[in-house]
Amino acid sequence: MFESVPRWVRVSAVILGVSIGSEVLYEVYLGWKSYCQERRARQRANSHINMVFFTNERSIQANAPGTTMANFTSEHVCRIVALLDRARVSINLGMYIITVSNIGDALLRAAKRGVRVRVVGCSSMAYSTGSQMTRLANAGIPVRFDRKESAYLMHHKFCLIDTDWLCPRCYHEEKVQRKGFCCKAVFDKGASGNASTTTSAVVISAGAMANGQSDGDQVNGYGSPTSGSGKVQCVDDGSRCVHCDKQKKNEVEKCKLKNEQVEPLPIGGLLITGSTNWTMQAMSGNWDNMLLTSLPELVIPFQLEFQRLWRDFAHHPLLVSPASG
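Residues numbered from 1 in each chain as written. Predicted model: local features only at pLDDT ≥ 70, side-chain atom pairs only at ≥ 80, totals over all residues. Heavy atoms only, no water.

Visitor: Explain the nonpolar core here, please?
Guide: Among soluble globular proteins, nonpolar side chains are generally buried collectively. Among the nonpolar cores identified, the biggest contains 36 residues, and L84, I91, I103 and W278 are the most heavily contacted of them. Contacts of L84, omitting those with residues within four sequence positions, involve I91, I103, A106, L107, R113, C159 and I161. One finds Y96, C122, M154 and W310 within the second-largest nonpolar core, a separate group that totals 14 residues. (Core = buried A, V, L, I, M, F, W, Y, C linked by side-chain atoms within 4.5 Å. Buried < 20%, exposed > 50% of the residue type's maximum accessible area, 1.4 Å probe, protein only. Contact = heavy atoms within 4.5 Å.)

Visitor: Sorry, what's going on with the packing of helix α6 (residues 168-179) against helix α10 (residues 296-312) here?
Guide: Packing of α6 against α10 leaves a shortest axis separation of 11 Å and a crossing angle of 120 degrees. By the angle between their axes, α6 is oblique relative to α10. When you trace α6 past α10, the crossing you get is left-handed. On α10, the residues that touch Y171, E174, K175 and R178 of α6 are P296, E297, I300, P301, L304, Q307, R308 and R311. (Axes fitted to C-alpha atoms, helices over the stretch in contact; angles between N-to-C directions. Helix = DSSP H or I, 4+ residues; strand = E, 2+ residues; numbered from the N terminus. Parallel < 35°, antiparallel > 145°, perpendicular 65-115°, else oblique. Left-handed = near helix turned anticlockwise from the far one by under 90°.)

Visitor: Would you take a moment to explain the side chain of D164 for this structure?
Guide: Here D164 lies in the loop between β5 (157-161) and α6. Excluding residues within four positions of it along the chain, D164 makes contact with V242, H243, K256, Q303 and Q307.

Visitor: Even after reading the chapter, I still don't get the side chain of S90, so can you show me in this structure?
Guide: In this fold, S90 is placed in strand β2 (residues 90-95). Polar contacts involving the side chain of S90 include one to the main-chain carbonyl oxygen of T163, which spans 3.4 Å. Filtering out sequence-adjacent residues up to four positions away, S90 remains in contact with V115, R116, L160, I161, D162 and T163. (Polar contact = N/O pair within 3.5 Å; in protein donor to acceptor, adjacent residues only side chain to side chain.)

Here it is as structure tokens:
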């Protein structure tokens, strides 16, 4: 039967079969390679980071051969910049003061490559010499402050890289689980004599959280007692939540692991905290400390705290307005 088929047809069929077969094998190879790379990345991302640094204690000596004073004093700065450059999803920064321009550069690079950068600062330091807050705000990065007239400071020094932003419902559940309460006994230290100083309990409206809406009037993000509802939306900026949205979880994890140039961060994100302000004096000479950890038991409470600050400061006047155009 095959003898009756023209030779050129048989040859063409063989060539076509070999071509299709090689293409299939190549696609299988690419799929296997991608699977292996993702598996290795996931294995690395599932390991934890736990490190402590003291800022005037270094792994390099100032008088070591080939070491300049700039190398010596920038060791801790370089570490922070390298971690910020590994961010793929988000950077949530709560910092009393930032004056290191290299760190400001890293935050701007992160925003440029699509990382969602949010910054909370202290109003008392907004216009301090060398402050990077103005620069970040002028570049369009959202920067929020405590009230300028407050007698208290936003004195936090922590940064969350690639952590998970919680939806209102998950935020509320985590708060209740960890603290036993969510929006009870809240007050605004920057205000005096207004409704937000009440210590009465506030009830969460599940329907409002599900619909991305809040009930009643708002006073600094809290339900106003004058509204009569006593209900409040914990926090909402339109973000989907990986804790209750499986599709979102897969999307975020894929984004975190798709990183061929640098080592992926732990899948649950990284916390940088301690006594250190992000200034050259703190990084080069002060007796300060920095803790790096990816343990959920430490990361999640700081994420809750950042979201609480982000909500609380949402209605405060902007001290630094983004540049127009």
